[in-house]
Amino acid sequence: MNGSNEYILEIKNLTVNYDTEYGLVRAVNGINIVMREQEALGLVGETGAGKTTTALASLRMVPEAVGKVEGQILVGGKNIMEMSDRELENMRGKNISMIFQDPMTALNPVLTIGRQIAESIQIHEHVDKKTAMERAKDMLEIVGIHRDRAQDYPHQLSGGMKQRVVIAIALACHTQILIADEPTTALDVTIQAQVLELIKEYRNKYKTAMLMITHDLGIVAEVCDKVAVMYAGNIVEYGTLDEVFNHTLHPYTEGLFSSLPNIKNRTKRLNPIPGAMPDPSKLPEGCVFAPRCAYATQACFQTDQENRFITDTHMVRCSRYQESGFKINRGNTK
Amino acid sequence: MSTPILEVRNLRKYFYTNRGTVHAVDDVSFSVEKGHTLGIVGESGCGKSTVGRTILRLLQPTGGEVFFNGENITQLSKARLRERRKDMQMIFQDPSASLDPRMTVGQIIGEPLLINNLVRRGAEYEKAIRKLMSTVGLAQRWYNTYPHQLDGGRRQRIGIARALAVEPKLIICDEPVSALDVSIQAQILNLLMDLQEEMGLTCIFITHDLSVVHHFSDEIAVMYLGRLVEKAPSEELFENPIHPYTKALLSAIPIPETAEKNQRIILEGEVTSPIDPPAECRFKKRCYEKTDACENGEPELTEVVPGHFVACHRCQYM
């Protein structure tokens, strides 16, 4: 349609602003993301980076009363910003669906879990209630819950099981694109391992593309093949897993890595990033990371940053790379 | 060997509910030497926070004894206990829930000073508070602000300053960095380690995050459903875990590296209910190494290698 059929999801110059009583909150500031079939992209960043807003915008779920969304979001070549409500409903759950962070609030407490899974199947596959329920029970088995528990209500399940139900809902109609917003953050590590394994198996089987939103670089290394690092509404580094992890370019990405306690090499002190993320209603001029950056020069505080491709696939948003031979420490020691 | 500053013997805490008795902490014993850090790890509901709270008698223990500097504090009267608590402080998980929203930063940090009659209101009081603020890296301009005006990292610094106000000897940190982003988490961990070194503090560090506990602790105790299942020096536990649960837990940590991945142990089966648990190993239902012997009562914590304790039936026959 738009000649971009090789991408199943294309986010072009997305900007999201929230109009609040404290002023205009600039949550997402002109980001670009493309996803091919079967690809798993990790969207990494800390609280307030704009990760969840990006996810919500991809489903056109940013509350319209307060959120102003600009840019294009193409799902299978169609711009969802121009879709009717009817078209949107057909797309959500079928072409693109979402696993929410908190399974405790994502489920409806007064409906059985079977009903909640069947609902999406009924809407998209136009089957009768009974068939939909049978399919829902099949889904429960896929996520490792006994089919007899379809009659249970969410409060009867443990946290890990609730998250499996949320996953079953998202996957019920064999979606092409799965957006997972911190799917394991609310879970214990051993349960997290089970859920990640489940997502991996499912992706291998159905070739689903996935946008994995997380703050945990360990999870990214585990399940993703590409990584986008977000900071204060911008994607500051974007590349393959190997590029971002082993040939890190952006000072913020470097800071994230050195903040983590290393389980293999126990050093006495960590190297945190000084300061805190800027208030998104008062973003600094020039580079948004400059106030916390060890490499910042005078110019960084004044000039707007541009996306710069160092290789065909590896992008960095840092003007220091204008200078030939500029390198950050992580790159040097590796 | 020096005498431990804290000794916990057969500590038990049960909660009585309509559905039966929850064995939140069941027969837990350990000791911590002065200046050392003990990490307690485990997943939600394993009783790690309850252990911390019961030691400070924020919860009254159902059984067992806690000795602080050789004194049994489980039976102390309220007045004596208040005096002892000067030596034992706690840093809580959620900095927004553990700070009174109607008090300013200065008032929160100063409250323990007034309660314990350490200083009187006045110039000296303010000076003491300002000194504490600079110790934990809080800018002086926050003195009159309220906690909700500050971000999570700064709020946790208030919690730390409040705990330090009475110059305690022992600090129990209950998930002090879990609510924080990684870059802020690293700042707070560094602060805690510096303070510990400067003041010679003894710490109990309660967390679910294994990489954090590994970084911070001299010794680590692993809890599962109210019981200690393994206890060893930090390096030893990570290099040579023995209990099947510890092995699964360690293998489940996602490592932020692209290099070869560890073989992951995925646990199956249901978690045993902590309500009136049967007299068998509590990990049995999820254990991938279980034998018939695992039904013969609850395994005792046994020293398998010097300094390395494990509660597993299989080890007792090793």
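Residues numbered from 1 in each chain as written. Chains lettered and ligands numbered in written order. Predicted model: local features only at pLDDT ≥ 70, side-chain atom pairs only at ≥ 80, totals over all residues.

**Q** Tell me about the overall build of chain B, residues and numbers included.
**A** Looking only at helices and strands, chain B features 10 helices and 12 strands. The C-alpha radius of gyration of chain B comes to 21 Å, within 12% of the 20 Å expected for a compact globule of 318 residues. Across the 318 residues that make up chain B, the buried fraction comes to 45%. In chain B, 62% of the contacts between residues at least 6 apart in sequence involve partners at least 24 apart. (Helix = DSSP H or I, 4+ residues; strand = E, 2+ residues; numbered from the N terminus. Rg over C-alpha atoms; globule rule 2.2 N^0.38 Å. Buried ≥ 20, exposed ≤ 12 C-beta atoms within 10 Å, placed from the backbone. Contact = placed C-beta atoms within 7 Å.)

**Q** Go over the overall build of chain A, please, and point to the residues and values.
**A** Looking only at helices and strands, chain A has 11 helices and 12 strands in total. Its C-alpha atoms give chain A a radius of gyration of 21 Å, near enough to 20 Å, the size a compact globule of 334 residues would have. In terms of overall dimensions, chain A has C-alpha extents of about 65 × 50 × 40 Å along its principal axes. Out of the 334 residues in chain A, the part that is buried amounts to 48%.

**Q** Can you break down the domain arrangement of chain A residue by residue, with the values?
**A** All names here are of chain A. When cut into domains, chain A gives domain 1 (9–224) and domain 2 (243–334). Computed from C-alpha coordinates alone, the two centres of domain 1 and domain 2 are separated by 30 Å. Contacts between the two partners involve 10 residues from domain 1, matched on the other side by eight residues from domain 2. Listing elements by their share of the side of domain 1 that touches domain 2, those giving two or more residues are β2 (23–35) and α8 (217–223). The greatest single-element share of the side of domain 1 that touches domain 2, amounting to five residues, is contributed by β2. Here the side of domain 1 that touches domain 2 is composed, by residue class, of six nonpolar, two polar and two charged. (Domains from an automatic or database assignment. Nonpolar A, V, L, I, M, F, W, Y, C, P; charged D, E, K, R; others polar.)

**Q** Can you break down helix α7 (residues 189–206) of chain A residue by residue, with the values?
**A** Compared with the 26 Å implied by 1.5 Å per residue over 18 residues, the 26 Å span of α7 of chain A between its first and last C-alpha is a close match. All of the buried residues along α7 of chain A are Val 189, Ile 191, Gln 192, Ala 193, Gln 194, Val 195, Leu 196, Leu 198 and Ile 199 of chain A. Taken together, the buried residues of α7 of chain A touch α6 (159–171), β7 (177–181) and α8 of chain A together with α9 (244–251) of chain B. (Expected span 1.5 Å × (residues − 1).)

**Q** Break down the domain arrangement of chain B for me, with residues and values.
**A** All names here are of chain B. Each domain of chain B was delimited in the assignment, giving domain 1 (4–87 + 168–316) and domain 2 (102–163). Once you take the C-alpha centre of each, domain 1 and domain 2 turn out to be 31 Å apart. Listed as interface residues are 10 residues of domain 1 and, on the opposing side, eight residues of domain 2. Per element, the largest residue contribution to the side of domain 1 that touches domain 2 is four residues, and it comes from helix α6 (residues 182–199). For the side of domain 1 that touches domain 2, the residue count by class is eight nonpolar, one polar and one charged.

**Q** Any chance you could break down the environment of Leu 180 of chain B for me, citing the residues and the numbers?
**A** Residue and element names in this part refer to chain B. Residue position: Leu 180 is located in the loop between β7 (170–174) and α6. Between the alpha carbons of Leu 180 and Gly 152 there is a distance of 6.4 Å; along the sequence they are 28 residues apart. Apart from residues no more than four positions distant in its own chain, Leu 180 is found in contact with Gly 152, Gly 153, Gln 156, Gln 185 and Ile 188.

**Q** Which residues make up the interface of chain B and chain A, and what values go with them?
**A** With 30 residues of chain B at the interface, the matching set in chain A holds 33 residues. Of all the secondary structure elements, the ones that give two or more residues to the side of chain B that touches chain A are α6, α7 (210–216) and α9 of chain B. Here the element with the most residues in the side of chain B that touches chain A is α6 of chain B; it accounts for eight residues. Looking at the side of chain B that touches chain A, its residues break down into 14 nonpolar, 11 polar and five charged.

**Q** Outline the sheet that holds strand β11 (residues 302–305) of chain B, listing residues and values.
**A** Residue and element names in this part refer to chain B. The eight strands lie next to each other as β6-β7-β8-β3-β9-β10-β12-β11, forming an open sheet whose pairing is mixed. The open sheet terminates on both sides in strands that have one partner only, identified here as β6 (88–91) and β11. Adjacent strand axes in the sheet meet at a mean angle of 20 degrees, parallel and antiparallel pairs treated alike. Here two bridges tie strand β10 (residues 227–233) to strand β12 (residues 308–310), and the two strands are oriented antiparallel to one another. Counterpart to Lys 231 in the pairing with β12 is Phe 309. Along the sheet face, helix α5 (residues 152–164) touches β6 and β7 and points at about 175 degrees away from the line of β6. (Pairing = 2+ DSSP bridges. Axes fitted to C-alpha atoms, helices over the stretch in contact; angles between N-to-C directions.)

**Q** How would you sum up the environment of Ile 263 of chain A? Please name residues and give values.
**A** With respect to the helices and strands, Ile 263 of chain A occurs in the loop between α10 (251–259) and β11 (308–309). Classification of Ile 263 of chain A by C-beta neighbours within 10 Å gives partly exposed; the count is 18. In this structure, Ile 263 of chain A is in contact with Ser 211, His 214, Ile 253 and Ile 255 of chain B, ignoring residues within four places of it in sequence.

**Q** So what about the pairing of β10 of chain B? Which residues, and what values?
**A** Here is the key point about a regular strand: its side chains alternate between the two faces of the sheet. All names here are of chain B. Burial analysis of β10 places six of its seven residues in the buried class, the great majority of the element. As paired elements, strand β9 (residues 219–224) and β10 share six bridges and run antiparallel to each other. What sits directly across from Val 222, in β10, is Glu 230. Taken together, β9 and the strand that follows it, β10, pair antiparallel across an intervening segment of two residues, in which Leu 225 is found at a positive phi of about 45 degrees.

**Q** Go over unusual backbone geometry, please, and point to the residues and values.
**A** Residues and elements named next belong to chain B. One non-glycine residue, Asn 69, lies in positive phi territory at about 50 degrees. Despite not being glycine, Glu 175 has its phi angle at roughly 50 degrees, a positive value. Its location among the elements puts Glu 175 in the loop between β7 and α6.

**Q** Describe in detail the sheet that holds strand β2 (residues 20–33) of chain B, supporting the description with residues and values.
**A** Residues and elements named next belong to chain B. The strand order β2-β1-β4-β5 describes an open sheet built from four strands, whose pairing is antiparallel. The two strands at the open ends of the sheet, each matched to only one other strand, are β2 and β5 (71–72). Across two bridges, strand β4 (residues 63–68) lies against β5 in antiparallel orientation. Paired with Phe 67 across the bridge in β5 is Asn 72.

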